[in-house]
Amino acid sequence: MNELLQDEFPAEEATLRYLESEEFKSFYKDFKRVMNRIDRKFADIRSNTANLSSLIKDQTRLMDNHFDKAAESREMSAKLTEQHRYWERYLKKRN
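What you are looking at is a predicted structure, and each value in this text was computed from that prediction instead of being measured. (Residues numbered from 1 in each chain as written. Predicted model: local features only at pLDDT ≥ 70, side-chain atom pairs only at ≥ 80, totals over all residues. Heavy atoms only, no water.)

> Tell me about a nonpolar patch on the surface, and please be specific about residues and values.
Together, Phe24, Phe27, Tyr28, Phe31, Val34, Met35, Ile38, Phe42 and Ile45 make up a nonpolar patch on the protein surface, roughly 880 Å² of accessible area in all. Along the chain, isoleucine 45 falls in helix α2 (residues 11-94). Isoleucine 45 sits in the partly exposed class, given a relative accessible area of 48%. (Patch = residues over 30% accessible without salt bridge, like charges linked within 9 Å, V, L, I, M, F, W, Y side chains within 5 Å. Areas by Shrake-Rupley, 256 points an atom, 1.4 Å probe, with all protein chains shown as cover. Salt bridge = Lys/Arg side-chain N within 4 Å of Asp/Glu carboxyl O. Helix = DSSP H or I, 4+ residues; strand = E, 2+ residues; numbered from the N terminus. Buried < 20%, exposed > 50% of the residue type's maximum accessible area, 1.4 Å probe, protein only.)

Quick look at the structure:
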């Protein structure tokens, strides 16, 4: 690379172009490292979001089951209350 730069530019320019090239390579390495770090952070965020989503789905399923069972309990309670009232009426009629 240096030889190409020396052929294309005068000696002082070649040195400057070479140093700029090295500076760009350094920048590229740093940029690539930072981008990889950002990618890892995004992967962590996606993983945490997936975990949170799974926990929310489980919580929702548990709450739905609870409400379904509570509704069944209310229905059973209503039926038992109705039977109890019939029983009380029956006992009143017998007495």
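> Would you mind going over the packing of aromatic side chains in detail, with residue names and values included?
Applying the stated criterion across every chain, the model contains three aromatic pairs. A ring pair is formed by phenylalanine 24 and phenylalanine 27, whose centres lie 6.4 Å apart and whose planes are at 40 degrees; its orientation type is tilted. Of this pair, phenylalanine 24 and phenylalanine 27 both sit in helix α2, three residues apart, which is roughly one turn of that helix. Judged by its relative accessible area of 52%, phenylalanine 24 is exposed. Taking relative accessible area as the criterion, phenylalanine 27 reaches 51% and is therefore assigned exposed. Ring centres of phenylalanine 27 and phenylalanine 31 lie 5.9 Å apart, and the angle between their planes is 25 degrees; this geometry places the pair in the stacked category. Within this pair, phenylalanine 27 and its partner phenylalanine 31 are both found in helix α2, separated by four residues, close to a single helical turn. With relative accessibility at 42%, the residue phenylalanine 31 sits in the partly exposed group. (Phe/Tyr/Trp six-rings, centres within 6.5 Å; stacked < 30°, edge-to-face > 60°.)

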